[in-house]
Amino acid sequence: MAGLTLVYDLVLYISISTVIFFIIKRSRSRRLRLPPGSLGLPFLGETLQLIAAYKTENPEPFIDVRVKRFGSIFTTHIFGEPTVFSADPETNRFILQNEGKLFECSYPGSISNLLGKHSLLLMKGSLHKRMHSLTMSFANSSIIRDHLLVDIDRLVRLHMDSWTDRVLLMEEAKKITFELTVKQLMSFDPNEWTESLRKEYVLVIEGFFTVPLPIFSTTYRRAIQARTKVAEALSLVVRQRRKESESGERKNDMLEALLAGDDGFSDEEIVDFLVALLVAGYETTSTIMTLAVKFLTETPLALAQLKVCFQFFLLSLLLSFPFSPNFVCVKQRHN
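Bear in mind that the values here come from a model prediction, so they are computed numbers and not experimental data.

**A closer look at the layout of surface pockets**
Considered as a void within the structure, the second largest pocket measures approximately 1200 Å³ in volume. Lining the second largest pocket are 27 residues; nearest its centre among them are Thr 83, Val 84, Ser 106, Tyr 107 and Pro 108. Every element with two or more residues in the lining of the second largest pocket is listed here: helix H1 (2-32), helix H2 (47-54), strand E2 (81-86) and helix H4 (89-97). Take the lining of the second largest pocket: its biggest share by element is six residues, from E2. In the lining of the second largest pocket, the residues fall into 19 nonpolar, four polar and four charged.

Structure follows, in structure tokens:
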């Protein structure tokens, strides 16, 4: 009898919630005059359709079908949020040009929750500008020449020496970029700890494009658990480095810059900042590396042109003069 009562209460709750959902969404759509579209299922919206398309080799039909039905700008509901999609170039250009003015950058709850409330991606205003400047200060020519290129060369050679006859390039690119990012942020060389941290990061990133409700998504639940482990591991590092910094032992990396800054960041803020940078350096860079190898292998002429440009780039670093890829490569492109 108790079981039947529980089932009845659950069905009643879902029914009432569904009615409330549609009432809120309908009134909100009328008030905001959103573009035409479909909000899909209650709570889930069209998230499952987008995820299913995202996991295929061609996710574009998710957009194409809705553009054909509703137009180049349409409304949907994904990752727990009503969302307007734009496939119109002029609209997209206008939005990008007015970011921070008429539009504010934001991310789905599934991403913002996993990155942390102090993440660089979620910062706004003067704090975001200061943190962005701090990040870019590690991209000057002397640091690239004396540290970054040396670390890249060492890590690539280290991985290539361990390769066998069969190599999964995407996975190797991810390992290299993660290890390089950890080195630049916290001065750790590849070891068991960094590899364990990377595996937890894989679980965190898998939770980015899921329904941000642990009760509905085991992937998101695993991502939350992995994020907790990552935060705990990084917190230990931050506390240890803070003690070392106070005793006069300093290192030339991003973590040291955060600890020595005048902003007085807490351990939690620094951890969230490191989490975002590790994520940013993992998926995007490794994907670009893999695609670069694929397309350059298929286009020998472009590979030859790139080698010439890279030689001039290295020469410019050694001689410390500005590098202009347009000037160097214009003749190669015309040929």
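Let us keep going from here.
**What to know about the packing of aromatic side chains**
This model, assessed by the stated rule, comprises five aromatic pairs. With a centroid separation of 5.3 Å and an interplanar angle of 5 degrees, the aromatic rings of Phe 74 and Phe 85 are classed as stacked. You can see Phe 74 sitting in strand E1 (residues 73-78) and its partner Phe 85 sitting in strand E2, a full eleven residues away along the chain. Here a set of aromatic residues connected by ring pairs shows up, and it is made of Phe 62, Phe 74 and Phe 85. Sitting above the plane of the Phe 62 ring, Arg 66 keeps its charged end 3.8 Å from the centroid.

**Observations concerning the pattern of salt bridges**
Considering all chains together, one arrives at 13 salt bridges under this definition. Across the pair Asp 189 and Arg 154 runs a salt bridge, and its minimum N-O distance is 3.4 Å. Of the two residues, Asp 189 sits in the loop between helix H8 (169-186) and helix H9 (192-206) while Arg 154 sits in helix H7 (residues 141-162), which places them 35 residues apart along the sequence. The class of Asp 189 is partly exposed, set by a relative accessible area of 37%. Of the charged contacts, one joins Lys 183 and Asp 189 as a salt bridge, the two residues approaching to 3.1 Å between their closest N and O atoms. Residues joined by salt bridges that share partners form a network here, namely Asp 151, Arg 154, Lys 183 and Asp 189.

**Remarks on the packing of H8 against helix H13 (residues 283-298)**
Relative to each other, H8 and H13 sit at 135 degrees, their axes nearing to 8 Å. Judged on the interaxial angle alone, H13 and H8 are oblique. The hand of the H8/H13 crossing is right-handed. Residues Leu 169, Met 170, Ala 173, Lys 174 and Thr 177 of H8 pack against Glu 283, Thr 285, Ser 286, Thr 287, Met 289, Thr 290 and Val 293 of H13. Class assignment for the residues of the contact of H8 with H13 results in five nonpolar, five polar and two charged.

**Re the UniProt feature "transmembrane region" (unreviewed entry) in the protein chain**
Per the UniProt record, "transmembrane region" (unreviewed entry) is annotated on residues 6-24, 273-296 and 302-323. Secondary structure across residues 273-296 comprises 92% helix and 0% strand; the distance between its end C-alpha atoms is 34 Å.

**Quick notes on unusual backbone geometry**
Working note: non-glycine residues mostly have negative phi, and peptide bonds are mostly trans. You will see that Ser 187, though not glycine, has its phi angle at about 65 degrees, which is positive. With respect to the secondary-structure elements, Ser 187 resides in the loop between H8 and H9.

**A closer look at the pairing of E2**
Judged from the six bridges that link them, E1 and E2 form a sheet pairing that is antiparallel. When the bridges of E2 are listed, Phe 74 appears paired with Phe 85.

**A word on helix H12 (residues 267-280)**
The end-to-end C-alpha distance of H12 is 20 Å, a good match for the 20 Å that 14 residues give at a rise of 1.5 Å each. Counted residue by residue, H12 has ten buried out of 14 residues, so it is predominantly covered. Along H12, the residues classified as buried are Ile 270, Val 271, Asp 272, Phe 273, Leu 274, Val 275, Ala 276, Leu 277, Leu 278 and Val 279.

Rules used in this analysis
Residues numbered from 1 in each chain as written. Predicted model: local features only at pLDDT ≥ 70, side-chain atom pairs only at ≥ 80, totals over all residues. Heavy atoms only, no water. 1 Å grid on protein atoms, 1.4 Å probe; cavity = no way out; pocket = protein on both sides within 12 Å on 5 of 7 lines; lining within 4 Å. Points joined across faces, edges and corners; volume = space filled by probe spheres on them. Helix = DSSP H or I, 4+ residues; strand = E, 2+ residues; numbered from the N terminus. Nonpolar A, V, L, I, M, F, W, Y, C, P; charged D, E, K, R; others polar. Phe/Tyr/Trp six-rings, centres within 6.5 Å; stacked < 30°, edge-to-face > 60°. Lys NZ or Arg CZ within 6 Å of the ring centre and 35° of its normal. Salt bridge = Lys/Arg side-chain N within 4 Å of Asp/Glu carboxyl O. Buried < 20%, exposed > 50% of the residue type's maximum accessible area, 1.4 Å probe, protein only. Axes fitted to C-alpha atoms, helices over the stretch in contact; angles between N-to-C directions. Parallel < 35°, antiparallel > 145°, perpendicular 65-115°, else oblique. Left-handed = near helix turned anticlockwise from the far one by under 90°. Contact = heavy atoms within 4.5 Å. UniProt positions renumbered as here; feature names shortened; annotations may be inferred. Pairing = 2+ DSSP bridges. Expected span 1.5 Å × (residues − 1).

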